[in-house]
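Take a look at the letters that make up each chain.
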Amino acid sequence: MNIVNFTPVSALTGGLLIGLSVALFFTLNGRMIGISGIASNFLVSKNNRIDNFLFLVGLILGPLIYNLISGKEINISISSSLILLIIGGSLVGFGTRLSSGCTSGHGISGISRFSLRSIIATITFMLVGILTVLITGIL
Amino acid sequence: MNKIVSLLCGIIFGIGLVISEMINPEKVLGFLNIFKEWDPSLAFVMIGGLIVSTPIFHLFKNKNKPLFSSNFSIPTNKQIDKKLIIGSVFFGSGWGLIGLCPGPAITSIALLNMSSAIFVTSMFIGFYLASKVN
C-alpha cells in the first residue's frame, strides 16, 4: 500500500464545516442531519417538506457560493459508464433507505450519538465499499 | 426562522463537501482503495465532523427544546436487523462502484455534470422503491 494525494488540512476543514452544519441543525431546528433521509423524505413525505427542500437547495448553492467567494473552479471527474451510474445510483438510493442512513446520517450524526446501529452500519458500508473498489480494480 | 436555518445548514454542508473534496468521486474511490494507492484524506472529514457534532449533541440533547422548533427529534430505532445490514451492503457497493454518496451526489448537481445527474435520478428512484418496501 502507498499513500497518495493526501490532503488532511482541506479534508479536516471541510469536515469541521459539515460538523458545524449538523450541530446548528440540531440545536436550532432539533433534527439530526442525514442527507438520504432529508432527500427521500422530501420525495415521499409531507412532513417538513419545505425545510427538507430548502436544505437540498442549500447543498446545491454550496459549490456556487464557494466558487463566488474563492474564485476557484471545482472540478470533479466521473468516468463510470451509463449503466454503472444507474446501478450505482439505485443501490445507493435503495440501500440508504433500507438501512435508514448514509455517510452523514449514520457516519456523522449516528456516531456522534454513540448509536451502535450507526456504528455497525458505517463499518459495513465502509468495508463493502473497500471490497467493491478492490474487486473493480481487479476486473 | 427554521426555514432560514435549513437553507443555511445546507449551504454550510455543501461548502464542507467541496472544501473536503468529498464531492469528487475520484477522491472517494482513492479513500476506499486501501490495498493499492490509498488516499486517507476522507478519514479526516469524518474526524472533523465528529469533533464538532459529538460534544454539541451531548450538551444539548437533554435541553427542553431547540431554539426554533417545538421539540428535538432524535432517532429511536436501536434494532440491529437484516434491513440495516443488507441496506448498508447495497449502499457500500454502490458507493464503491461510483464514488458518490447522497450528499456529494446532490451537491454536484450545481456543477451541471451529466453523469452525476444520471446518478442522482437513479438514487431518487431507489429512494422511492425503498419507501414502497419499508
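The structure this text deals with has already been given above.
What counts, and where the lines are drawn
- Residues numbered from 1 in each chain as written.
- Chains lettered and ligands numbered in written order.
- Predicted model: local features only at pLDDT ≥ 70, side-chain atom pairs only at ≥ 80, totals over all residues.
- Helix = DSSP H or I, 4+ residues; strand = E, 2+ residues; numbered from the N terminus.
- Contact = placed C-beta atoms within 7 Å.
- Nonpolar A, V, L, I, M, F, W, Y, C, P; charged D, E, K, R; others polar.
- Pairing = 2+ DSSP bridges.
- Axes fitted to C-alpha atoms, helices over the stretch in contact; angles between N-to-C directions.
- Parallel < 35°, antiparallel > 145°, perpendicular 65-115°, else oblique.
- Left-handed = near helix turned anticlockwise from the far one by under 90°.
- Buried ≥ 20, exposed ≤ 12 C-beta atoms within 10 Å, placed from the backbone.
- Core = buried A, V, L, I, M, F, W, Y, C linked by C-beta atoms within 7 Å.
- Expected span 1.5 Å × (residues − 1).

For the rest of this paragraph, the subject is the overall build of chain B. Regarding its fold elements, chain B presents six helices and one strand. If you list the helices and strands of chain B from N to C, you get α-α-β-α-α-α-α. Taken over the C-alpha atoms alone, chain B extends approximately 50 × 35 × 30 Å along its principal axes. For chain B, long-range pairs separated by at least 24 residues make up 38% of all intrachain contacts whose partners lie at least 6 apart in sequence.

When helices and strands are counted, chain A shows six helices and one strand. Order of helices (α) and strands (β) in chain A, N terminus to C terminus: β-α-α-α-α-α-α. Across its three principal directions, the C-alpha atoms of chain A cover 45 × 40 × 30 Å. Of all intrachain contacts in chain A linking residues separated by at least 6 positions in sequence, the fraction that spans at least 24 positions is 39%.

Turning our attention to the interface of chain A and chain B. Taken together, the contacts link 100 residues of chain A with 108 residues of chain B. Residue assignment for the side of chain A that touches chain B shows that the elements contributing at least two residues are β1 (2-3), α1 (8-29), α2 (35-44), α3 (49-70), α4 (82-98), α5 (105-112) and α6 (116-138) of chain A. Ranked by residue count, the leading element in the side of chain A that touches chain B is α1(A), at 21 residues. Of the residues assigned to the side of chain A that touches chain B, the class counts are 59 nonpolar, 36 polar and five charged. Where β1(A) and strand β1 (residues 37-38) of chain B come together, two bridges link them in parallel fashion. Opposite A:Asn2, over in β1(B), you have B:Glu37 as the bridge partner.

The residue A:Ile130 is located in helix α6 in this model. Along the primary structure A:Ile130 and A:Ser80 are separated by 50 residues, whereas in three dimensions their C-alpha atoms are 17 Å apart. Once you skip the residues sitting within four places of it in the chain, A:Ile130 turns out to touch B:Leu32, B:Ile34 and B:Gly96.

So, on to the packing of α5(A) against α6(A). Residue and element names in this part refer to chain A. It is the contact of α5 with α6, at a shortest axis distance of 8 Å, that shows an interaxial angle of 150 degrees. Here α5 lies roughly antiparallel to α6, going by the angle between them. In this structure, α5 meets α6 at a crossing whose hand is left-handed. Only Arg117, Ser118, Ile119, Ala121 and Thr122 of α6 make contact with α5, whose side of the interface consists of His106, Gly107, Gly110 and Ile111. Counted by class, the contact of α5 with α6 contains three nonpolar, five polar and one charged residues.

Looking now at unusual backbone geometry. Residues other than glycine seldom take positive phi values, yet A:Asn5 does so here, at roughly 50 degrees. For A:Asn5, the location among the structural elements is in the loop between β1 and α1. A:Asn5 sits in the partly exposed class, given 14 other C-beta atoms within 10 Å. With phi around 70 degrees, B:Glu21 is a residue other than glycine that occupies positive phi space. Tracing the backbone shows B:Glu21 in the loop between α1 (2-19) and α2 (25-32).

In terms of nonpolar packing, the biggest core is built from 75 residues, with A:Phe25 and B:Leu42 touching the most fellow members. Per element, the largest residue contribution to this core is 11 residues, and it comes from α1(A). Non-local contacts of B:Leu42, meaning those with residues more than four positions away in its chain, are made with A:Ala11, B:Met22, B:Lys27, B:Val28 and B:Phe31.

This part covers α6(A). In this model, α6(A) (23 residues) spans 33 Å end to end at C-alpha, consistent with the 33 Å of a helix rising 1.5 Å per residue. Here α6(A) has its buried residues at A:Arg117, A:Ser118, A:Ala121, A:Thr122, A:Thr124, A:Phe125, A:Met126, A:Val128, A:Gly129, A:Thr132 and A:Val133. In this structure, the buried residues of α6(A) make contact with α5 of chain A together with α2 and α4 (82-98) of chain B.

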